[in-house]
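Remarks on the overall topology
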Amino acid sequence: MRELPEEIELYRDRKWRREDSSKVDSVEEVEAMVEELGFCLGLTDARKMMPSVYIAVCGRRDAHMPRNVQKDYEASRAWVLKDEVIAGGRVYYAKLVKGKSWFLARRMIPVFNAIWGCSRKAEADSLTDNARRVLKVLRKE
């Protein structure tokens, strides 16, 4: 995998809460992160190369989910926060893309629906050729 420039990694450290000083530990902090980013994953680690609640709870770049999550404080804390955020209902939570759990800011629901809301089978009947080409690029990017 190609290394990203350090400038980008530092930006991600700030935005994805990958710094010890900015890690999350409350429902309000998770909701604020989702609102700022627009979306993030739930309980995935650094190998996905996307923001997640688990990474933000850990507050570091190299956050890897342990094998025995029941005994790991960070994994347990991320799980509890996930449940509390869902119960609050201020951000959208669902398995959206490839069965992964996502948190979405409400403003992002139409965007995700436009990209993944139509089944692949129904695309040929409901979308024009140009729309299918645009959708293909969006999914790839």
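All of the points below concern the structure found in this document.

About the cut-offs
- Residues numbered from 1 in each chain as written.
- Predicted model: local features only at pLDDT ≥ 70, side-chain atom pairs only at ≥ 80, totals over all residues.
- Heavy atoms only, no water.
- Salt bridge = Lys/Arg side-chain N within 4 Å of Asp/Glu carboxyl O.
- Helix = DSSP H or I, 4+ residues; strand = E, 2+ residues; numbered from the N terminus.
- Buried < 20%, exposed > 50% of the residue type's maximum accessible area, 1.4 Å probe, protein only.
- Pairing = 2+ DSSP bridges.
- Axes fitted to C-alpha atoms, helices over the stretch in contact; angles between N-to-C directions.
- Contact = heavy atoms within 4.5 Å.
- Patch = residues over 30% accessible without salt bridge, like charges linked within 9 Å, V, L, I, M, F, W, Y side chains within 5 Å.
- Areas by Shrake-Rupley, 256 points an atom, 1.4 Å probe, with all protein chains shown as cover.
- Lys, Arg positive; Asp, Glu negative; His and termini not counted.
- Charge placed at Lys NZ, Arg CZ, Asp CG, Glu CD.

Brief notes about the pattern of salt bridges
- Using the criterion set out here, one finds 15 salt bridges in the structure.
- Across the pair Arg17 and Glu36 runs a salt bridge whose closest N-O atoms are separated by 3.1 Å. Of the two residues, Arg17 is situated in the loop between helix H1 (6-15) and helix H2 (27-37) and Glu36 in helix H2; the sequence distance between them amounts to 19 residues.
- Among the residues examined, Glu36 registers a relative accessible area of 39% and is labelled partly exposed.
- Across the pair Asp25 and Arg77 runs a salt bridge, and its minimum N-O distance is 2.8 Å. Placement of Asp25 in the loop between H1 and H2 and of Arg77 in helix H4 (residues 73-88) is noted, with a sequence separation of 52 residues between them.
- On the basis of relative accessibility, which here comes to 19%, the residue Arg77 falls in the buried class.
- Taken together, the salt bridges that share partners define one network made up of Glu6, Glu9, Asp13, Arg18 and Arg61.

Topic: the sheet that holds strand E2 (residues 92-95)
- Read across the sheet, three strands follow the order E1-E3-E2 without closing on themselves; strand pairing throughout is antiparallel. Two strands bound the open sheet, and with one partner strand each, they are strand E1 (39-41) and E2. The mean angle between the axes of side-by-side strands here comes to 25°, regardless of whether they run parallel or antiparallel.
- With three bridges joining them, E1 and strand E3 (residues 101-104) adopt antiparallel strand pairing. Bridge pairing in E3 places Phe39 opposite Leu104.
- In the packing of H2 onto the sheet, contacts are made with E1 and E3, and the angle to E1 comes to roughly 120°.

Topic: the side chain of Glu31
- Mapped onto the elements of the fold, Glu31 is located in helix H2.
- Residue contacts for Glu31: discarding those within four places in its chain leaves Val85, Arg90 and Val91.

Quick look at a positive patch on the surface
- Residues Lys48, Lys95, Lys98, Lys100 and Arg120 make up a contiguous surface patch of positive charge.
- For Lys98, the position within the fold is in the loop between E2 and E3.
- Taking the relative accessible area as the measure of exposure, Lys98 reaches 79% and is therefore exposed.

These values are about where atoms sit, not about what they do.
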